[in-house]
Amino acid sequence: MAIFDTKTLTDIILVALAGGIIGLDRTAAGQFMFSQPIVAGPLTGWMLGDATTGLIIGIVLELIWVMDIPVGTFVPADSTILAVWATAVAVLGSAGREPLPVIGFSLLLTVALIPATMRADGFIRKWNSRLAAAAEPTPGEHAGRRLSRAHLSGIAVFFLKSFVLYLVLLPLGLIAAHLFSGLPMRFQGSMSLFVKLLPLLGIASVVRRLSIRTADGFLLIGFVTAATIGLALRAGFLLVMLVAATATWVGVKYREGRS
Amino acid sequence: MQTLGFAYAMLPALRRLYPNGDELTSRINLHLEYFNTQPYLASFILGAAVRLEEGRASGRNRDADVRGMKAALMAALGALGDSFFWGALKPFAVAAAVAVFLAGLWWAPLVFLVIYNIWHVGLRVWLLFLGYESGGDAVSLVAAFNFTKLARNLKIMSLSLLGGILGMLPLWRAEFRLPVPVAGPFAIAVGGLAATLGMVLLLRAGGTPAKLMFGLAVVCVVLAFLGAV
């Protein structure tokens, strides 16, 4: 079967267009969080006919990169591109096979994409910083016209960055997924295990940034509450989460009242 | 990008306040000076800048220091907003959505969007008006909304939720259920907690998420070839 039939090529262009638009929400316009992996992943998957794959990829990447914060001049990894790209590669590259190994493999490949997305983002930001000078109106000119043009071209450049990256990187990803399908079954099985373990790494990344302690007291309270009520008493998942959150909230209020 | 965005957002007000072309040009140029802060809290500065420009244009406050106000507020609000929105609210919304997803429900992204945007949109609108009313008085902002305290509480709630998620590891949705048939649910949960804390230690020792992802993949491949999977 050819990797790049007409439908796949159309899908690549559609994903590049949609990914470019979703990516604008990241820094250029809105920031309503549609660009976050937890939303961008399922949106891409839904567009390609497999929202669940997008949701799995989105959740995992969200956990891993949520605390990669754009503070000051630091340019974090572009988790939107990682999520959209990995989802498209997993959906288009699995072609009716068991999806979990391809999901794991596409998630692993995102590691290689991180430096490219960071460099592209840094370059675009530098490019856009020059636009402020270009926006200054000259005497006699209709005030604001240059500013509007510069502002909109800044947004367009952000779109183009993502669009071009998808057009270049998606075919490479699909070739890699095709080669992956020829690897031994054990290797493919290892990628299923990889997917199952990644949420633990994601939780570790968040805990590391939220608390100065490794074994944080509140983390352990949540764990013990869930293990006791959820595993021993067999209460429902969301009920357990609600009890853990409420117990913590009461504890926080009690501590506030005492201090 | 924020410099341009801020000037662009000011444009309708400036056009209305300064019908004279030369003065308008000069005010646009002033707002094209470097500006960078937390994008949501920029609403407060935007409201304040409109108020000061109004005073200046009407002659009530010809010496209004818009440039000074922006410079004074952007660093402080940047730090405050970064730690609240990126460092506390976002991880909390993610933790809640992940719990919903691992419970087997598909609407996790909606949970994330609703939790985050109720705060985000609400604060963005409110801060615009507060900035306008206060004329950029940062004390009024801090008095009206205790970002630091709320951020601390949200972080605590996130940690508790993440702990709860780890405690429920044996009951995660099928795709993430670990293939350990001989171990009981408690052993799996404790093993998951130990593995997570081990990864926290590795991250604290200088590891990055990308390096750990790669390392984890290598471990999985080795386990698979040893026949453990």
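This is a predicted model, so every value here is computed, not measured. (Residues numbered from 1 in each chain as written. Chains lettered and ligands numbered in written order. Predicted model: local features only at pLDDT ≥ 70, side-chain atom pairs only at ≥ 80, totals over all residues. Heavy atoms only, no water.)

1. Things to note about the overall build of chain B
Phase 1 of the analysis: Regarding its fold elements, chain B presents 9 helices and 0 strands.
Phase 2 of the analysis: Helices (α) and strands (β) of chain B occur, in sequence order from the N terminus, as α-α-α-α-α-α-α-α-α.
Phase 3 of the analysis: The C-alpha atoms of chain B give 25 Å as radius of gyration, which overshoots the globular expectation for 229 residues (17 Å, by more than 25%).
Phase 4 of the analysis: Counting only C-alpha atoms, chain B reaches 80 × 30 × 30 Å along its principal axes.
Phase 5 of the analysis: Sorting the 229 residues of chain B into buried and exposed places 53% on the buried side.
Phase 6 of the analysis: Sequence-distant contacts in chain B: of pairs separated by 6 or more residues, those separated by 24 or more amount to 70%.
Phase 7 of the analysis: Split by element, the accessible area of chain B, about 9500 Å² in all, is 66% carbon and sulfur.
Phase 8 of the analysis: For chain B, the distance from the average position of its 18 positive side-chain charges to the average position of its 11 negative side-chain charges is 12 Å. (Helix = DSSP H or I, 4+ residues; strand = E, 2+ residues; numbered from the N terminus. Rg over C-alpha atoms; globule rule 2.2 N^0.38 Å. Buried < 20%, exposed > 50% of the residue type's maximum accessible area, 1.4 Å probe, protein only. Contact = heavy atoms within 4.5 Å. Areas by Shrake-Rupley, 256 points an atom, 1.4 Å probe, with all protein chains shown as cover. Lys, Arg positive; Asp, Glu negative; His and termini not counted. Charge placed at Lys NZ, Arg CZ, Asp CG, Glu CD.)

2. Description of the interface of chain B and chain A
Phase 1 of the analysis: Chain B puts 95 residues into the contact, and the matching count from chain A is 98 residues.
Phase 2 of the analysis: The junction of chain B with chain A conceals about 8600 Å² of combined surface from both sides, 80% of it contributed by carbon and sulfur atoms.
Phase 3 of the analysis: For the pair chain B and chain A, the number of links is 0 salt bridges.
Phase 4 of the analysis: Across the chain B-chain A interface, the total number found is 12 residue pairs in polar contact (both at pLDDT 80 or more).
Phase 5 of the analysis: Those elements that place two or more of their residues in the side of chain B that touches chain A are helix H1 (2-17), helix H2 (21-31), helix H4 (66-102), helix H5 (108-134), helix H7 (147-167), helix H8 (185-204) and helix H9 (209-225) of chain B.
Phase 6 of the analysis: The element that contributes the greatest number of residues to the side of chain B that touches chain A is H7 of chain B, accounting for 16 residues.
Phase 7 of the analysis: When the residues that make up the side of chain B that touches chain A are grouped by side-chain class, the tally is 68 nonpolar, 16 polar and 11 charged. (Buried area = accessible area lost by both parts, 1.4 Å probe. Salt bridge = Lys/Arg side-chain N within 4 Å of Asp/Glu carboxyl O. Polar contact = N/O pair within 3.5 Å; in protein donor to acceptor, adjacent residues only side chain to side chain. Nonpolar A, V, L, I, M, F, W, Y, C, P; charged D, E, K, R; others polar.)

3. A look at the pattern of salt bridges
Phase 1 of the analysis: Tallied over the entire structure, the rule returns 9 salt bridges over all chains.
Phase 2 of the analysis: Lysine 7 of chain A is the partner of aspartate 11 of chain A in a salt bridge, and the nearest nitrogen-oxygen pair spans 2.8 Å. Remark: lysine 7 of chain A and aspartate 11 of chain A occur in helix H1 (residues 6-27); sequence separation between them is 4 residues, near one turn of the helix.
Phase 3 of the analysis: Judged by its relative accessible area of 10%, aspartate 11 of chain A falls in the buried class.
Phase 4 of the analysis: In this structure, arginine 173 of chain B and glutamate 175 of chain B form a salt bridge, with 2.8 Å as the shortest nitrogen-oxygen distance.
Phase 5 of the analysis: Each of Arg26, Asp78, Asp121, Arg125 and Lys161 of chain A takes part in salt bridges that share partners, so that together they form one network.

4. Examining the packing of helix H9 (residues 217-232) of chain A against H8 of chain B
Phase 1 of the analysis: Where H9 of chain A contacts H8 of chain B, the two axes come as close as 11 Å, and the packing angle between them is 165 degrees. By the criterion of interaxial angle, the relationship of H9 of chain A to H8 of chain B is roughly antiparallel. Note that H9 of chain A runs across H8 of chain B; the crossing there is right-handed. Here H9 of chain A contributes Leu219, Leu220, Phe223, Ala227, Leu231 and Ala232 of chain A to the contact with H8 of chain B, which in turn contributes Pro185, Phe186, Ala189, Val190, Leu193 and Leu197 of chain B.
Phase 2 of the analysis: Of the residues in the contact of H9 of chain A with H8 of chain B, the class split is 12 nonpolar, no polar and no charged. (Axes fitted to C-alpha atoms, helices over the stretch in contact; angles between N-to-C directions. Parallel < 35°, antiparallel > 145°, perpendicular 65-115°, else oblique. Left-handed = near helix turned anticlockwise from the far one by under 90°.)

5. Observations concerning the domain arrangement of chain A
Residues and elements named next belong to chain A.
Phase 1 of the analysis: By domain assignment, chain A separates into domain 1 (1-182) and domain 2 (185-259).
Phase 2 of the analysis: A separation of 30 Å is found between the C-alpha centroids of domain 1 and domain 2.
Phase 3 of the analysis: Contact residues are listed per partner, giving 15 residues for domain 1 and 16 residues for domain 2.
Phase 4 of the analysis: For the pair domain 1 and domain 2, the two sides together bury roughly 1400 Å², of which 79% comes from carbon and sulfur.
Phase 5 of the analysis: For the domain 1 face of the interface with domain 2, the top three residues by lost area are Leu63, Ile64 and Met67, together amounting to 38%.
Phase 6 of the analysis: Across the contact surface, domain 1 and domain 2 share 0 salt bridges.
Phase 7 of the analysis: Here domain 1 and domain 2 share 3 residue pairs in polar contact (both at pLDDT 80 or more) between them.
Phase 8 of the analysis: Contributions of two or more residues to the side of domain 1 that touches domain 2 are made by helix H3 (51-65) and helix H5 (99-129).
Phase 9 of the analysis: Examining the composition of the side of domain 1 that touches domain 2, we find that 7 residues originate from one element, H5, more than from any other.
Phase 10 of the analysis: By residue class, the composition of the side of domain 1 that touches domain 2 is 13 nonpolar, 2 polar and no charged. (Domains from an automatic or database assignment.)

6. Considerations on the packing of helix H3 (residues 42-58) of chain B against H5 of chain B
All names here are of chain B.
Phase 1 of the analysis: Running from N to C, H3 and H5 point in directions that differ by 30 degrees, and their axes come no closer than 6 Å. What the angle tells us is that H3 and H5 run roughly parallel. The crossing of H3 and H5 is right-handed. Only Arg124, Leu127, Leu128, Leu130, Gly131, Tyr132, Glu133 and Ser134 of H5 make contact with H3, whose side of the interface consists of Ser43, Phe44, Leu46, Gly47, Ala48, Val50, Arg51 and Glu54.
Phase 2 of the analysis: Tallied by class, residues from the contact of H3 with H5 come to 8 nonpolar, 4 polar and 4 charged.

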